[in-house]
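Chain and residue survey
Next come the chains, spelled out residue by residue.
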Amino acid sequence: MKKSPLVKLVCFGGLYILLPDNMETEDPDCFWVAVKGRGPYIVDETEYKSLHAEMNLFYDKSQDTDEVKPVTIEEGQICVVFSEELKCWCRAVIKSIIYCTDHYQTKCFFVDYAKYVFVKSKDIRVALEAFIQIPYRAKKCRLYGIKPMTLHISFYEDTAKMIPTNRWDSAAIEYFQHLLKAATEVKVQLHAVEDSTYHVFLYVTIKDEKVCVNDDLAINNFAAFKEAIEENTRSSADHQKNQTSLNADFFPVKIVNPALAFRPVLFQEKIPPNPDIDLIFLIETCQRLSTDLNGNTAFTVKAIPSLPFKEDPVVHIDEYVKCFKWLSNQSFPNLHEEKNFVFLSNKIEPVSLLETAPLSDDLKKELTRKKFVGPNFTESYCWPPVARGCDVLAISWQGNDPLVYIPPLLTRLQLESCYKALPKRDGPLALILCPGWKKAQLVFELLKTYRTCSGQLHPMLVILGQNKEAGSVKIQGCEVIVTTPCSLLRLFEHQGLLLCRLCHVVLDEIEVLFSDAAEQVFAILDCCKKAFGAEKLECSPQQIIAVGTRWHKHIAPLTEEFMNDPYVVITAVEEASIYGNVQQVVQPCMNSERTAVLLKILGCTPSDLQKVLVFTDSVNEAEMVHEALKSSSITSLKIHKESKFNFKYTLEQWTKKNSSGTRTVLVLTDDCMQSLGITDATCVIHFSLPSPRILGQRLHSMSDSFCNVVKASVAQEYTKARSVILLTENNECRALEILQFLQHAGAEIPPELHSFTAKMLEAEEEKKLSRPLCAYLKTFGICKNRTTCPDRHQINVQIDVAQNILDDKITQLPGCVTILPLNVVNATNYFGRIVDKEKDQYTILAEEMKEYFEKPSNKISATTVQKLGFYGLCEQALFHRVQVVEISPKEEENLVFNVKIKYIDEGRTSQVQNYHLLHLPAKFQCLPPQAVEFVLCRVKPIDNELEWNPKVTHYINQKIKGKLHEAKIVHTLGNTAWVDPMVRVTRIPALKITVNEYSVRAEILSTGLGADNPEHITQLQKLCGHMKLLDCAENLEPLGIKEGTSGPESTSSPQNVSIQEKSTENCNSSGITVGNNSSDGVAETKEAEEMTLHQRKCFYPEIKWFQNEETVTVKVKIARAADCKCEFSKEKVVFSACSGDKLYLADVELHRYILAERSTCVIKDKEVIIVLTKEKKGAWCKLPKNKNPHVSFDFEHWEELEDETPFPVGKEELYCTATVPEELSDYSEDSGTEDDE
């Protein structure tokens, strides 16, 4: 029997892969292999044999017990199945489920043997956790860089041509399988891993001759390289070369595959076909390092269509080495692609492969088992100095990943000889400071994951509150403490010798630490500095590691005062420019004056800034600037994609050494930066404002001039590179991004930029009006990251003042209410119901639903499940009303699928399978959803944390869930109610008394992890401060004021509306006070005010309106309105207000009836918004009953209402035919004029 071929994976350093006969080889895009061999990075075959022996022993004994049978089965589920062919239990993944008459048939894939089998659902067993720890034995591979080809014959065109296809021909599959069977040895060069599939170059040895399978398939026209296919689609000439006449004498014709011109090949001793190629054609040429099968290295050049290669694209490296010197092998950095740039204070030899990394063998093996992909670019530079025990400062877009420092630090801690001089007592060797409990928890979990391969490492997580629990913390046998700055200081107060053995300090997310707790961090660093200075620690490692994503001003004193010759690694250009003291200058000017300002800047530029780049965003702009410089006798170069000058000439002029005081100016466009590869500029002028991504690329051109602050002398620190931005009135769209960068860089910002960005910030907030109100704003009263937060931070009348179940409950149950928390989101945020103790509607509904669904005939599964549909659900003998909120498109094709549902009476969400949903009769859908969101006021997490510690949430959940509480509602917005206080009240019937069992706020504070937040309600008032809500709880009779009268008509029962700000102690849900004023003094004052009001001249304000099915929104155009009064009745709205020295009055008799008690008035800075709730749903054809020249339809909302037109159709259209033209004809610019009559 012939031996199975062995595959050597080059990048895995000697792994052998077995292609056994019982594994499937489907086609070149899907063939399965199994790893075989020994080494620290692979699982030995003996481990798999041991695993299967244990599985057979376990499932043979317990195969019929219910404990190992799954409750549910789903696609993608890991399970264990018995194989009749292999006569053993195998690990498998369920690929599909087929419904049969009496059972489910599942298609399973054996993950260790790469075979598909069909199994009945009753024969599936649960996979224990212990049996899925070892990685799958079968690995999926595909050939890299090639695509199947097929012969396409067109009898109409009388041609035959090779075209790409998505499926491999049977001949190609047979040929591929024949190569593998005939091979005695196979070597593989791994190119990439994508979606758990190895993309490889496959080399086979047949009769002592090595063949690249990828190339062989392409040469024999079974495939083509993807690069060639992409180029052929752009070139019709190349496309026609693959065609031949069917009448040719020799058929089929051997077609020369153009892919060979683009295939990466090794350089050989051949003369280039055209050695005088102009460098303009080499803009997109790149260098890559290729490793041949014998380990030799050579540079590889990728040919491009512009190159006039004939048959052989191979060129000799020596002939072109001079031409390619100016082409950087690192492309210019994107904002979030750090692999292209690195700034180093000291030389570091990066590690690109895991096997060469300075880590212990056990740690490497564990990382491989966890499918660790790396080291990445940042880790390749950070791991070596960290492992050597050096001080390290790393600023990178990946700087928030703990794996930047954890693996080399763990390796360092295993060197016991380094710590022999330390005192023999309890105390950590390493201290990791994190900005919050959440990050500390993540770091601690990673340490626990890798501690098994790091000797006897014992990490400890320390998160302490303010309840004096620090004294009881025991630090015994702990090598690493993970904590936050405030928690460490609390612990240090009770354990003064805590740092006596400390050797390593890690500052994780350094910019957040310094932003939130700079004082505490420096206090800890001072303690560490004293500990490092102790006599017994002088011979032990002393290391500080600081990692983060952004620069912070406090990092400079950190490196100067606490670090010893640190290794600075910065892989973000913008952050490197800040570290390197690049001077950022903003020059405001008019767009038409940019050229003059540019000339002035060049005239005032210091002589030491000798190399200046002027960046433009178009060819025309570059030409214009170049001509302006020439006309001003300023010698300059220019380069852009249409430039006739050679790149080589431009670079020679740029790199030429000039005499002192001589300046070189280069005008260029952004698309030339990468090709030129300039890094030695001393000044960059942004003639056009760049985006942040382009700004980083432009700053890269000065990277050689970045000051190395750690090693710089005093004179060097003041020799700064300069970046000058010309800010014009046309740059509003990018002004906000530039402002944020300049603020981060600590640059001087002109007032013009602030005015630009104020408009931008306002516009950005307007875009968020349809988003939910920010959760942090609701929970704590503030949001620290408003610019990046996706939710809105201002009131939206249509959403926040909507009428719903909350308003009905508050109207029925004023003052304190009884609430039932059912879903605890966190310590201060809950969903639940407001309970009416006398007659609760939901309790009645729940009893009716239970009685209905307990009858088997009524438990009807929903035949079709639709998004946003309402259904019933049985859960632990309880029946709930639920709404489907999400169905995956892929799931809908299956008979059984998961849906995301919301319990509309509890507020929680869950996932269930579709067949669990029950048909919900219409009578159970009449009651509106009862779930209300509650927010407990005046308490927040300690230490400026943004999220509650899970300990507090768990404690409060156990304390309050499902229990009735008395609460006072101090504020409402939409479906959210803010409560303060919230108390559990226990009634003692025998004594006829009630006892306050506990206050929820006091319980949170007692944990020590909560702090007082006295500004919470004040911030909520400030949020609504510019909006005074006028909510009339009763039908108010009109004031009876008419135009042309000298005073008000007398009314039988006048009612006064007073607008008051809400207070913490006494406020209702809408923040207003409504009612009769019985005080004689106040009545006299009110009468005097009304007499004075009507002696003044009245103006009729401009009114615009729009509507939806339930409400009409009226906008009254009055700026800075004061003394507002708004009264609603069933058929009329009367509004009056003052603005400056003018009085405005509007008495509108409405076209249809409204619900006065549900109508509201909101006062803003520039207008007053009145929301009228219609008595009957439907469209209105006009607002006032009679024609009014000051009232017009708001056409700004016309597009929003195209589907819900304000003009009725059908029968009502006949009724309103005469009024519609009047409404349209009244819409004009004159409608906003003041009425002096």
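Here is what the cut-offs are and how they apply
- Residues numbered from 1 in each chain as written.
- Predicted model: local features only at pLDDT ≥ 70, side-chain atom pairs only at ≥ 80, totals over all residues.
- Heavy atoms only, no water.
- Buried < 20%, exposed > 50% of the residue type's maximum accessible area, 1.4 Å probe, protein only.
- Helix = DSSP H or I, 4+ residues; strand = E, 2+ residues; numbered from the N terminus.
- Pairing = 2+ DSSP bridges.
- Contact = heavy atoms within 4.5 Å.
- Polar contact = N/O pair within 3.5 Å; in protein donor to acceptor, adjacent residues only side chain to side chain.
- Axes fitted to C-alpha atoms, helices over the stretch in contact; angles between N-to-C directions.

With five of five residues buried, strand S25 (residues 504–508) is to be regarded as a mostly interior element. By the alternation rule, side chains of S25 split into His-504, Val-506 and Asp-508 and Val-505 and Leu-507, which are all buried. Sheet analysis places strand S22 (residues 430–433) next to S25, joined by four bridges and oriented parallel. Residue Leu-431 lies in a different strand from S25, and its bridge partner there is Val-505.

Turning our eyes to something else, we now look at the environment of Thr-679. Here Thr-679 is to be found in the loop between helix H18 (673–676) and strand S32 (683–686). In this structure the C-alpha to C-alpha distance between Thr-679 and Ser-703, which are 24 residues apart in sequence, comes to 5.4 Å. Those residues in contact with Thr-679 that sit more than four places away from it in its chain are His-700, Ser-701, Met-702, Ser-703, Asp-704 and Ser-705. Only 2.8 Å separates the side chain of Thr-679 from the side chain of Asp-704, close enough to count as a polar contact.

With that out of the way, let us pick up the side chain of Thr-1173. Looking at the element boundaries, Thr-1173 is found in strand S56 (residues 1168–1173). For Thr-1173, a relative accessible area of 11% corresponds to the buried category. Within the structure, the side chain of Thr-1173 is placed 2.8 Å from the backbone oxygen of Arg-1158, a separation counted as a polar contact. Beyond its immediate stretch of four places on either side in the chain, Thr-1173 contacts Glu-1110, Thr-1111, Ile-1154, Leu-1155, Arg-1158 and Ser-1159.

Another aspect to go through is the sheet that holds strand S5 (residues 78–83). Judged by pairing direction, the sheet is antiparallel, and its five strands sit side by side in the order S8-S7-S6-S5-S9 without closing on themselves. Because the sheet does not close on itself, it has two edges, and the strands there are strand S8 (115–120) and strand S9 (124–126). The mean inter-strand angle of the sheet, taken between neighbouring strand axes irrespective of direction, is 45°. For strand S6 (residues 88–99) and strand S7 (residues 104–110), the ladder comprises seven bridges, and the chain directions are antiparallel. Paired with Ala-92 across the two strands is Phe-110, which belongs to S7. Across the sheet, helix H1 (residues 45–62) touches S5, S6 and S9, and the angle it forms with S6 is around 70°.

The strands making up a sheet are joined through hydrogen bonds of the backbone, oriented either antiparallel or parallel. Pairing is mixed in the open sheet, where four strands are placed in the order S49-S54-S53-S52. Only two strands of the sheet have a single neighbouring strand rather than two, namely strand S49 (1098–1099) and strand S52 (1122–1128). The sheet contact formed by S52 and strand S53 (residues 1132–1139) spans five bridges and is antiparallel. Following the sheet pairing, Cys-1126 is matched in S53 by Phe-1135.

The subject of this paragraph is the pairing of strand S54 (residues 1142–1149). Two strands pair when backbone bridges link them, and S49 and S54 are joined in this way by two bridges, in the parallel orientation. Of the residues in S54, the one forming a bridge with Cys-1098 is Leu-1143. Note: S53 against S54, eight bridges, orientation antiparallel. Across the sheet, the residue bridging to Ala-1137 is Tyr-1144, located in S54. With antiparallel pairing between neighbouring strands as the criterion, S53 and S54 make up a hairpin whose turn holds two residues, including Gly-1140 at a positive phi of roughly 70°.

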